[in-house]
Amino acid sequence: MKLFVSEGNPHCLKVLAALEVAGVHCDVHHVPHEERVVPFLSRPALPALLLTSGLHLFSPNAICRYLFEVSGQDCSELSNRWLEWEATDLQPALQQSLHMAVLQGKGSEVSKVLQGSLNYMEQSLSKGNTPYLTGDAVSVADVVLWAALYPVLSDSSLALGEHASVKAWFDRGAVMHGCQSAAQKVLQGKGLQGMKSFMQRQPALQSSPRGDVQPCNGNPAEAEESEPAVSVEEMEAAALTWSEGLSSSPVAADRAHPILPQDGKRNLLVTSALPYVNNVPHLGNIIGCVLSADAFSRYGRLRGWNMLYICGTDEYGTATENKAREEGLTPQQICDKYHAIHSSIYKWFQIDFDFFGRTTTEKQTAIAQNIFWKVHKHGFLVEDTVEQLRCENCKRFLADRFVEGICPHCSYPEARGDQCDKCGRLINAVELREPQCKVCRQTPVVRSSKHLFLDLPKLEAQLEQWLDKSTSTGDWTANAKQITRSWLRDGLKPRCITRDLRWGTPVPHPDFKEKVFYVWFDAPIGYLSITANYTDQWEKWWKNPSQVELYNFMAKDNVPFHSVVFPCSLLGAQDNYTLVNHLIATEYLNYEDTKFSKSRGVGVFGDMAMDTGIPSDVWRFYLLYVRPEGQDSAFSWADMALKNNSELLNNLGNFINRAGMFVTKFFEGSVPVMELQQEDKKLLAVVGWELQQYIQLMDKVKIRDALRHILNISRHGNQYIQVNEPWKKIKGGDTERQRAGTVTGVSVNIACLLSVMLLPYMPTVSQTIRDQLNAPQSCVDTVLQGTGAFVCCLSAGHRIGTVSPLFQKLEADQIEDLKKRFGGQQMTAQSAGSAPPAASAPPAAAAEVASVNGGDPEKAKQLTQAVTEQGEKVRALKAQKAEKAVITAEVSKLLDLKKQLAVAEGKSAEPAPQKGKKK
């Protein structure tokens, strides 16, 4: 990376301070103010960061955020809000202050200009009672705001007596070596006068700053951004680009399968974490994996990249065996059933896979066993004996999910064999108190079993060397870096890759022929086998690291297996495999104020979304709008209605519809002649800037943040129409009619641009807009090339099609009905009546147990279901932090139901005495 800065530029002070504090290595080049570092800008833009990919960042705050993320320091939502506040509220005030102090000699008046901003910071710092803006540790927000304020606050003429918290915060920053070092490099010890040369080159101030923007409330994506300042040169450059029109190059051909890497092109292999086949995906599953990857893949195709997007269902393992037992089917039948369900859901959500496969294939077995033997050959497997629970009644070792009991840490009565849902602690199944086999409810015994382990310690040095390169050159989300580091921090341990199961890829080693591969050794290999089922030339993608970039999309819980375990498997095979270059992990999406739960009827699952009457494009838009990029977010019916009605209907849809209707109504369906004035050129420049921001963010897989710039463009367009009032001017003289024509023509071209930018988010709406405008396919192939080009796609005389509204209002009563429908009430009503037959054990098994122990098998069925539902209810109340008395009452009901169940199963209703704790 190369960072270009200039002396006396206050924005350079920010990035140098961020560079020092973040501790990132970067070549720093000091250049004159007038140096044009960013080739596609018509005027100098410093500071600028040249990335190794050849892209430029030239927004100071974006550079600072990038430097912190590269160092692995996550930029929280609160930090982002402060950065936005600094750019939209503090900066105008600072620019005015610096102009007065440096060029007009009115330093004494600076305090008045900054009063509102400093008051707000004072309130936030004192209210939060923390030493820094976002908590107890320095964040990128502290560095940026400190550096922004340093030139004026370091001047002794500005007293901070009434802003004690701000003064204390500023003094903390002043003692940081990185901040002081940056200030010395930029201002050269000259204070405000060190900035005079820079300030003299700045354009005259146009307006007073606003003082009412607050960073700590609401979503940054919801805040309207101030219009970016553009110079006359930028306006003329935008007008020149506009006049060039559509590219004369041939229209891009449709995808021809099989897609293979091509010389001279950027070849991107995109995967989304393989969804488990044992259940229906909910909205959080969809946004965390397949929808995010789909939006990026669609965008990549618009950019002209050579993309292959593959996914499929993960079908082996304990979860599938469990589900098969619950539904009275074979594992293969369960896989066939749910693979079809997944496929239909993703098709409805318009997930545009190049291939959607599955892991229960012959190629999966062949490739997994091939990798196993190569890892074995190179000495990266070790044998060890593991103590496991074995059910003598079922004559099998019990995998984690086939056993439950009392948690050894918190005494929760329904802890699983791998983890306790209450305290969250990981558990070894043999540690459970009073364990039970979930199939027959008998007590298992401890037995030894020999297993194979991947020797991660032996691979650790290779892994770290690869990780250093991948995380520094690729786009890894901050949480992916942090989770990976936490695994490496204490040293890796051998990880078991075999299991005593029946449903899985067979282990080919003769000493382990009764075992299958553990799902987290086997499942990621599914990416390779699914590609192999797509094309026999799969190795051109998966054994071609010099030509292929691999993007993995997932939720954060899958990170360790993609950043540590799977790469170690491939490194151990020593077969030139393509390893992940860009690991994109989301946080979690919750449902309203709780978690999704199929059993409790809480939340929207993929098959249910199809029945709401809300188009899939609206679902896509909202899920991508609230995509949990930096922290957990929540699906909210009220917020979805608000975003649909305000952003889609009133903002985006209103602008596009008006633009098209003006052409139809006033100009007989033909785009009018456009004679650009300065106001129009300014709009072209502003829209061009928003387009460039969109491209920079999407290139970095900041899908949610990029959406903001689409909505900004339609806001600019609505304001442009409102100010110019073409519906009035069309009734005037020739000059006014010409003006109405120009405004209409420019607006309908902005609508055409928006149709292309929307394609990754709302593919059907995108196509509908282009159909209504009769837009040429070449517009799709032109506007997102390079750094973005806002050109005139619909020239004068172009005939548009029939224009109609794009969106419908979501009414309050409709939303309230949906909220009730998916809030769990239907399950409460069901449990109030007769309980349905239990799904947790086959009837034959329950009857067999009852006949041995003298219980009541029919009542046991009903009570098993009742225990399951009551357990879910208790967990929900605890998750919602309900009152202790309420939780206690429901826990008592649960324990009583369990006693009844024990009697019905012919067991003692009293729990076995617990062993005394060790002193």
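The following refers to the structure shown. Not measured: the values here are computed from a predicted model.

1. Concerning the overall build of the chain
- Assigned secondary structure in the chain consists of 33 helices and 20 strands.
- For the chain, the proportion of its 919 residues judged to be buried stands at 56%.
- Look at the contacts in the chain between residues 6 or more apart in sequence, and 78% of them connect residues 24 or more apart.
- If you sum the accessible surface of the chain, you get close to 38,700 Å²; carbon and sulfur atoms cover 50% of it.

2. A look at the environment of Val28
- Its place among the elements puts Val28 in strand S2 (residues 27-30).
- C-alpha of Val28 to C-alpha of Val5: the two residues are 23 residues apart in sequence and 7.3 Å apart in space.
- Those residues in contact with Val28 that sit more than four places away from it in its chain are Leu3, Val5, Leu16 and Leu19.

3. Regarding the pattern of salt bridges
- Applying the stated criterion across every chain, the model contains 37 salt bridges.
- For Arg620, the salt bridge is made with Asp294, and the minimal N-O distance between the two is 2.8 Å. Linking Arg620 in helix H21 (residues 616-625) with Asp294 in helix H10 (residues 283-302), this pair joins segments that are 326 residues apart in sequence. You'll find Arg620 and Asp294 in the same group, each marked buried.
- Its salt-bridge partner being Asp354, residue Arg301 comes within 3.5 Å of it at the nearest N-O pair. Taken as a pair, Arg301 in helix H10 and Asp354 in the loop between helix H12 (331-348) and strand S7 (355-358) lie far apart in primary sequence, 53 residues in all.

4. With respect to the packing of H10 against helix H23 (residues 678-699)
- Running from N to C, H10 and H23 cross one another at 125 degrees; their axes reach a closest spacing of 11 Å. Classified by the interaxial angle, the pair formed by H10 and H23 is oblique. Here the hand of the crossing between H10 and H23 comes out left-handed. Facing H10, whose interface residues are Ala295, Phe296 and Tyr299, H23 presents Tyr694, Ile695, Met698 and Asp699.
- Looking at the contact of H10 with H23 residue by residue, the classes come out as six nonpolar, no polar and one charged.

5. Looking at the packing of aromatic side chains
- Under the definition given, this model contains 36 aromatic pairs.
- Taking 5.5 Å as the distance between ring centres and 20 degrees as the angle between the ring planes, the aromatic pair formed by Trp146 and Phe170 counts as stacked. Note that Trp146 is positioned in helix H5 (residues 140-153) and Phe170 in helix H6 (residues 164-174), a separation of 24 residues in sequence.
- Ring centres of Phe296 and Phe553 lie 5.9 Å apart, and the angle between their planes is 45 degrees; on these two criteria the pair is classed as tilted. Note that Phe296 is positioned in helix H10 and Phe553 in strand S17 (residues 548-555), a separation of 257 residues in sequence. Considered together, Phe296 and Phe553 belong to a single accessibility category, that of buried residues.
- Site record: aromatic cluster; members linked through ring pairs are Phe296, Tyr299, Trp305, Tyr551, Phe553 and Tyr694.
- Above the ring of Trp305, the side-chain terminus of Arg266 is found at 4.4 Å from the ring centroid.
- One Lys or Arg, Arg396, reaches over the ring of Phe402 and ends 4.9 Å from the middle of that ring.

Parameters and conventions
- Residues numbered from 1 in each chain as written.
- Predicted model: local features only at pLDDT ≥ 70, side-chain atom pairs only at ≥ 80, totals over all residues.
- Heavy atoms only, no water.
- Helix = DSSP H or I, 4+ residues; strand = E, 2+ residues; numbered from the N terminus.
- Buried < 20%, exposed > 50% of the residue type's maximum accessible area, 1.4 Å probe, protein only.
- Contact = heavy atoms within 4.5 Å.
- Areas by Shrake-Rupley, 256 points an atom, 1.4 Å probe, with all protein chains shown as cover.
- Salt bridge = Lys/Arg side-chain N within 4 Å of Asp/Glu carboxyl O.
- Axes fitted to C-alpha atoms, helices over the stretch in contact; angles between N-to-C directions.
- Parallel < 35°, antiparallel > 145°, perpendicular 65-115°, else oblique.
- Left-handed = near helix turned anticlockwise from the far one by under 90°.
- Nonpolar A, V, L, I, M, F, W, Y, C, P; charged D, E, K, R; others polar.
- Phe/Tyr/Trp six-rings, centres within 6.5 Å; stacked < 30°, edge-to-face > 60°.
- Lys NZ or Arg CZ within 6 Å of the ring centre and 35° of its normal.

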